[in-house]
Amino acid sequence: MWTNHPLHGVKVVELAGLAPGPFAGLLLADYGASVLRIDRLPGQTAAPAGDNLTRHKSSICLDLKDSRSRDLLLSILAKADILIDPFRPGVLERLGLSPADVLLKANPRLIIGRMTGFRRDGKYKDMAGHDINYIAVSGVLSMLGRSGDRPYAPGNLLGDFAGGGAMCFLGILLALISRQATGKGQVVEANMVDGSAYLATMPRLAMKQPVWDASRGENLLDGGCPYYDTYETKDAGKYFAVGALEPQFYAALLKGLGLKKTDVPAREDRENWPALRDIFTKKFKEKTRSEWEAIFDGTDACATPVLEQAELEASGHEQRLPVGLVGTPGKVYAADEAGWTGGGLFPGDGGEVTLKEWYGWTRGREYDEKDGILVKGKGGSRL
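Treat the numbers as computed from the prediction; the structure is a model and nothing was measured.

Undergrad: Tell me what's going on with the pairing of strand β11 (residues 373–376), and back it up with residues and numbers.
TA: The pairing of strand β10 (residues 367–370) with β11 spans 4 bridges and is antiparallel. Note on β11: the bridge partner recorded for Lys370 is Ile373. In this structure, the hairpin formed by β10 and β11 is closed by a connection of 2 residues, where Asp371 is found at a positive phi of approximately 55°.

Undergrad: Now, about the packing of aromatic side chains: what can you tell me, with residues and values included?
TA: Under the criterion given, the structure shown has 15 aromatic pairs. Plain terms: the ring middles of Trp358 and Tyr359 are 5.7 Å apart, the flat faces sit at 70° to each other, and that makes the pair edge-to-face. The exposure class assigned to Trp358 is buried, which follows from its relative accessible area of 12%. Among the residues examined, Tyr359 registers a relative accessible area of 16% and is labelled buried. Each residue in the set Tyr227, Tyr231, Phe240, Tyr250, Trp273, Phe280, Phe284, Trp292 and Phe296 is aromatic and connected to the rest through ring pairs, giving one cluster. Sitting above the plane of the Tyr227 ring, Arg267 keeps its charged end 4.5 Å from the centroid. Looking at Lys287, its charged tip hangs above the ring of Trp292, at a distance of 5.8 Å from the centre.

Undergrad: Describe the nonpolar core, listing the residues and the values that go with them.
TA: Within the largest apolar cluster, 31 residues are counted, with the highest numbers of intra-cluster contacts made by Leu7, Val12, Leu28, Ala33, Ile82 and Ile84. Within the residue set of this core, elements represented by two or more residues are α1 (20–30), β4 (82–85), β5 (111–116), α6 (157–182), β6 (187–191) and α7 (192–199). Within the second largest apolar cluster, 26 residues are counted, among which are Ile38, Ile60, Leu64 and Leu97.

Undergrad: Mind laying out the sheet that holds strand β8 (residues 239–243), listing which residues take part and the relevant values?
TA: Pairing in this open sheet of 3 strands is antiparallel, and the strands run β7-β8-β9 from one edge to the other. The open sheet is flanked by β7 (228–232) and β9 (303–305), the only strands paired with a single partner. On average, each strand axis in the sheet is inclined to that of its neighbour by 25°, with strand direction left out of account. Pairing between β8 and β9: 3 bridges, direction antiparallel. By the bridge assignment for β9, Val242 is matched with Ala303. Against the sheet, helix α11 (residues 289–296) engages β8 and β9, with an angle of about 35° to β8.

The rules we used
- Residues numbered from 1 in each chain as written.
- Predicted model: local features only at pLDDT ≥ 70, side-chain atom pairs only at ≥ 80, totals over all residues.
- Heavy atoms only, no water.
- Pairing = 2+ DSSP bridges.
- Helix = DSSP H or I, 4+ residues; strand = E, 2+ residues; numbered from the N terminus.
- Phe/Tyr/Trp six-rings, centres within 6.5 Å; stacked < 30°, edge-to-face > 60°.
- Buried < 20%, exposed > 50% of the residue type's maximum accessible area, 1.4 Å probe, protein only.
- Lys NZ or Arg CZ within 6 Å of the ring centre and 35° of its normal.
- Core = buried A, V, L, I, M, F, W, Y, C linked by side-chain atoms within 4.5 Å.
- Axes fitted to C-alpha atoms, helices over the stretch in contact; angles between N-to-C directions.
- Contact = heavy atoms within 4.5 Å.

Quick look at the structure:
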């Protein structure tokens, strides 16, 4: 058990869901919280068994339509710090687990992070959707893609993980800070529409300025600018990334490419961008990625190889958490916790150990097992 992580001692109950909810729970777990995932039995859900976003978590199986199983969850939540709700609007309420009317009354210190795709009270609240739909109605998808082509979704990074799970995580942290002052928990409402729109604050505001006032794919940072783009190298399928925006960085880029300022048209004139891109395209095809890397390493050209996940893993590269926090004096932790495994937790793994650690509970007293799911026990101390 970690003793020097910032969330050590925080008890989190995560209702199993897809992508953003488990990611919020993974972030909490990576920073030291104890996360107990509430799963359904395998075969009762369309979600894949062995969710990869379960690093540092444990699991128990409950059937929330079974009254004794639901009562066990209520007993767990009576002493927990955080609940992650990944369900569509109205699901908890229909289960008799209304945050305001039931959960917070039973445990006023509970923080309930509710994660939805569309706004809970918006036009699309009763519709199913995925990342691409949420960033579509947020206005963000319309800004992504090459000029003259259709909008392009960047995987499910922007809605599910950045605008969804990470923003929910942020809201939960703020609620924890608030609870230190007030002693009270609260409901944290997060949705992927507002989350992704908030992440797009800079480009949205920049649309009224020269930096982003052109059509999709024709601006400084969206693939329109030749000195902020990617280029294929001599070894087909390998690429180099260029972000030489400032004049001094651009000068270093030209130097590395073996070009003089007189060899290229003025970059300030957007009419010259196609010709400039053609020059850069031909130049980068003259050498392999590793050869360009040797040229640009240690320079301020803002030119770097586009590394691939497989080669990073093969090289032993450490995937680190986004901040290096210091616990005990002189000891840096959270250095390599975000590695190449997500946990692969299966329903029911380790959850009974967690209940023992949290509350001292044991099977046959506070809870029993019924057809593979846990239910509230008939014996033991009352909660």
